[in-house]
Amino acid sequence: MAALFSGRVLIRNNSDQDELDTEEELSRRLENRLVLLFFGAGGCPECQAFVPTLKDFFVRLTDEFYVLRAAQLALVYVSQDPTEEQQDQFLRDMPKKWLFLPFQDDLRMDLGRRFSVERLPAVVVLKPGGEVLTRDAADEIRRLGPACFANWQEAAELLDRSFLQPEDLDDQAPRSLTDPLRRRKYRVDAAPRGGPGDGAGGAGAGGLF
């Protein structure tokens, strides 16, 4: 997963705005995790309406106040804000564990084209290997909240290695009767499609990309 941001800088949304600018730091934050790419903008009314739901979703899965152990989940805000000031304003009240790209990095727009984002807000869910698990999970997050993470985790075959004995790591047996169904629902595309995104809701991104 870190390969997607190889040679780039990701910034933590904490008070110090710590920069992850080495392969080791990027790997520590992103490897063996599901990564959400959140495409949004502070000036987008639909994004403003969605953000409280997304924040609650993320915090309930990663904050030790709610869970004994944080989920294997990372979120990268891919800003579509027209100015750096608007990006900073938008991030001011977002969780400190969120990551984001510097405003000057043109990868912000490149990722929108790469994943065929056509509307905001959009949440692209990536497997640990970088494959697309679902192209726009915004509607699923609205409907199911934190419960949808378990579906993604199973479909992605995300292993919680801290709880596995060495001999268990290569066990490829299905983990539940619903495993084949989830794999079919969250089928992985070989490459991003060129057409419109699959997600529901949100305003057209128009010329953002």
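Reference entry: report on the structure contained in this document. Since we're looking at a predicted model, the values are computed, not measured.

Definitions and limits used
- Residues numbered from 1 in each chain as written.
- Predicted model: local features only at pLDDT ≥ 70, side-chain atom pairs only at ≥ 80, totals over all residues.
- Heavy atoms only, no water.
- Helix = DSSP H or I, 4+ residues; strand = E, 2+ residues; numbered from the N terminus.
- Buried < 20%, exposed > 50% of the residue type's maximum accessible area, 1.4 Å probe, protein only.
- Contact = heavy atoms within 4.5 Å.
- Areas by Shrake-Rupley, 256 points an atom, 1.4 Å probe, with all protein chains shown as cover.
- Core = buried A, V, L, I, M, F, W, Y, C linked by side-chain atoms within 4.5 Å.
- Pairing = 2+ DSSP bridges.
- Axes fitted to C-alpha atoms, helices over the stretch in contact; angles between N-to-C directions.
- Polar contact = N/O pair within 3.5 Å; in protein donor to acceptor, adjacent residues only side chain to side chain.

Side note on the overall build of the protein chain
- Within the protein chain one finds seven helices and nine strands.
- Looking at the protein chain as a whole, 44% of its 209 residues qualify as buried.
- Of the contacts made within the protein chain by residues no fewer than 6 positions apart, 68% connect residues no fewer than 24 positions apart.
- Total accessible area computed for the protein chain in this model is approximately 10,800 Å², and 49% of it derives from carbon and sulfur atoms.

A look at the nonpolar core
- Phe38, Phe57, Leu73, Trp98, Ile141 and Trp152 are the most contacted members of the largest nonpolar core, which totals 31 residues.
- Of all elements in the fold, only strand 3 (34–40), helix 2 (45–62), strand 4 (73–79), helix 3 (84–91), strand 7 (122–126), helix 5 (138–144) and helix 6 (147–155) reach the threshold of two or more residues within this core.
- Per-element accounting of this core gives the leading share, six residues, to helix 2.
- Discounting residues that sit within four places of it in the chain, Leu73 has contacts with Arg33, Leu34, Leu36, Phe57, Phe58, Leu61, Thr62 and Phe149.
- Counting residues in hydrophobic clusters, the runner-up holds 27 residues, among them Leu30, Cys47, Val76 and Val124.

A word on the sheet that holds strand 4
- Pairing is mixed across the open sheet formed by seven strands, whose spatial order is 2-1-5-4-3-7-8. Both edges of this open sheet fall to strand 2 (19–20) and strand 8 (132–134), since each of them pairs with a single strand only.
- Its contacts with the sheet put helix 6 on strand 3, strand 4, strand 7 and strand 8, and the angle it makes with strand 3 is roughly 125°.

Here's the deal with the pairing of strand 7
- With five of five residues buried, strand 7 is to be regarded as a mostly interior element.
- Burial of strand 7 is two-sided: the residues Ala122, Val124 and Leu126 facing one way and the residues Val123 and Val125 facing the other way are all buried.
- Relative to strand 7, strand 3 runs antiparallel, the two being bridged by five bridges. In the sheet register, Val35 faces strand 7, and the bridge partner there is Leu126.
- Bridge count between strand 7 and strand 8: two bridges; the pairing is antiparallel. Each residue of the ladder has a partner; that of Val125, found in strand 8, is Thr134.

Digging into the side chain of Gln72
- Note that Gln72 resides in the loop between helix 2 and strand 4.
- Overall, the relative accessible area of 10% leaves Gln72 in the buried class.
- Within the structure, Gln72 has its side chain in polar contact with the backbone oxygen of Asn32 (distance 3.2 Å).

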